[in-house]
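Chain by chain, the residues run as shown.
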Amino acid sequence: MKKGMWAGIGMSVLALPASAAPTPAPDLPLWEVGLFGGAASTPAYPGSSERSMRGLVLPMVIYRGKILRADRSGVSARLFDTERVDLDLGFQMSLPARSDDVPARAGMPDLNSLLEFGPRLKVLLSEPSAPNRVRLELPLRVPLEVGNGFRRQGLVFEPRVVFETSGSNRQWQADANIGAVFGNARLNQYFYEVAPQYANATRPAYQAGSGLMMTRLGASLSHSLGPDWRVFGFTRYDNYTHAANRDSPLFRKNSGLSLGFGFTWTAYRSQARAWD
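Novice: Describe the nonpolar core, with residues and values.
Specialist: Ranked by size, the top nonpolar core spans 23 residues in total, and within it Y45, L111, L187, F191, Y192, M213 and L250 carry the most contacts. Taken together, the elements giving at least two residues each to this core come down to α1 (185-192) and β12 (211-224). Excluding its chain neighbours within four sequence positions, the residues that come into contact with L111 are Y45, P96, A97, R105, Y190 and F191.

As structure tokens, this is what we get:
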């Protein structure tokens, strides 16, 4: 599904690539206020031959508390933390897709943004040197459909391995990741099911089931332009060849590429230091 894209409401922070977010440290302020701007291009939905593109500028609030954190990597609540294991609650949103813009879904309901939240277990696998680390992430999220009474749309499980590195004083940061995305029957039905009333000569009825949605490779890079400005970019390749519902008539491509870039600008910051 469309993960880690730009979305937010009011004075919230967006879910950005991991390298866009410096790791909390004593030399970072407890809170910052400023602006976020970004643009992204992604498949309209996994397996679509059409694309969704969005650009926006929003207020940005960063808070690096001991339990609650809202920073450039997203919004989370840390529940458990040791030197190697970290359990928190993560939040994420996806881009919407209008069926009028996607011929394969013509006449079907639009795909609204999905607000996802749930626990995320992070395990440090290796730290060969101070700026380099490899970790395993095991997030389990509940997608809620925005604009439809926050209707629950199943479950998504996205295990992945992440490699992170950075330059001196976090002037630049980068990460690369590999993983897979699994959805239960309800989530796959949201994207791939064709109910009988929407079937036609070129789009037969189809009942979607649970299973693998995609395998994924991603990378991101961010660079500091000074104390107040930071720019970032990301790319992600999704492969649907072995997806459980690849026989759906809504499946049009075996892979998809996502690209995005943006900036953050800090207008005000606290004198108090971050909890770490």
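Still more to cover.
Novice: For α1, give the residues involved together with the corresponding values.
Specialist: Listing the buried residues of α1 in full gives L187, N188, Y190, F191 and Y192. Buried residues along α1 cover an arc of 165 degrees about the axis, so they all sit on one side. In this fold, the buried residues of α1 make contact with β6 (114-129), β7 (132-145), β9 (156-157), β11 (172-183) and β12.

Novice: Tell me about the side chain of S270, and please be specific about residues and values.
Specialist: Relative to the elements of secondary structure, S270 occurs in the segment after β14 (255-269). A polar atom in the side chain of S270 sits 3.0 Å from the backbone nitrogen of L30. One polar contact links the side chain of S270 to the main-chain carbonyl oxygen of A272, over a distance of 3.0 Å. When near neighbours in sequence (up to four residues on either side) are disregarded, S270 contacts P29, L30 and W31.

Novice: So, the environment of T165: which residues are in play, and what are the values?
Specialist: Structurally, T165 is set in strand β10 (residues 160-166). Exposure remark for T165: the relative accessible area of 17% places this residue in the buried category. Measuring from C-alpha to C-alpha, the distance between T165 and D175 comes to 6.3 Å, with 10 residues separating the pair along the chain. Excluding anything up to four places from it in sequence, T165 contacts P131, N132, W172, Q173 and A174. A polar contact of 2.4 Å, which involves the side chain of T165, links it to the side chain of N132.

Novice: Explain the packing of aromatic side chains residue by residue, including any values.
Specialist: According to the stated counting rule, one finds eight aromatic pairs in the structure shown. Their ring planes at 15 degrees and their centres at 6.1 Å tell us that F36 and F232 sit as a pair that is stacked. Within this pair, whereas F36 is found in strand β1 (residues 31-43), its partner F232 is found in strand β13 (residues 229-239), the two being separated by 196 residues in sequence. A connected cluster of aromatic rings, assembled from ring pairs, spans Y190, F191, Y192, Y240 and F251.

Rules used in this analysis
- Residues numbered from 1 in each chain as written.
- Predicted model: local features only at pLDDT ≥ 70, side-chain atom pairs only at ≥ 80, totals over all residues.
- Heavy atoms only, no water.
- Core = buried A, V, L, I, M, F, W, Y, C linked by side-chain atoms within 4.5 Å.
- Buried < 20%, exposed > 50% of the residue type's maximum accessible area, 1.4 Å probe, protein only.
- Helix = DSSP H or I, 4+ residues; strand = E, 2+ residues; numbered from the N terminus.
- Contact = heavy atoms within 4.5 Å.
- Arc of directions from axis to C-beta.
- Polar contact = N/O pair within 3.5 Å; in protein donor to acceptor, adjacent residues only side chain to side chain.
- Phe/Tyr/Trp six-rings, centres within 6.5 Å; stacked < 30°, edge-to-face > 60°.

Just geometry here; none of it tells us what the structure is for.
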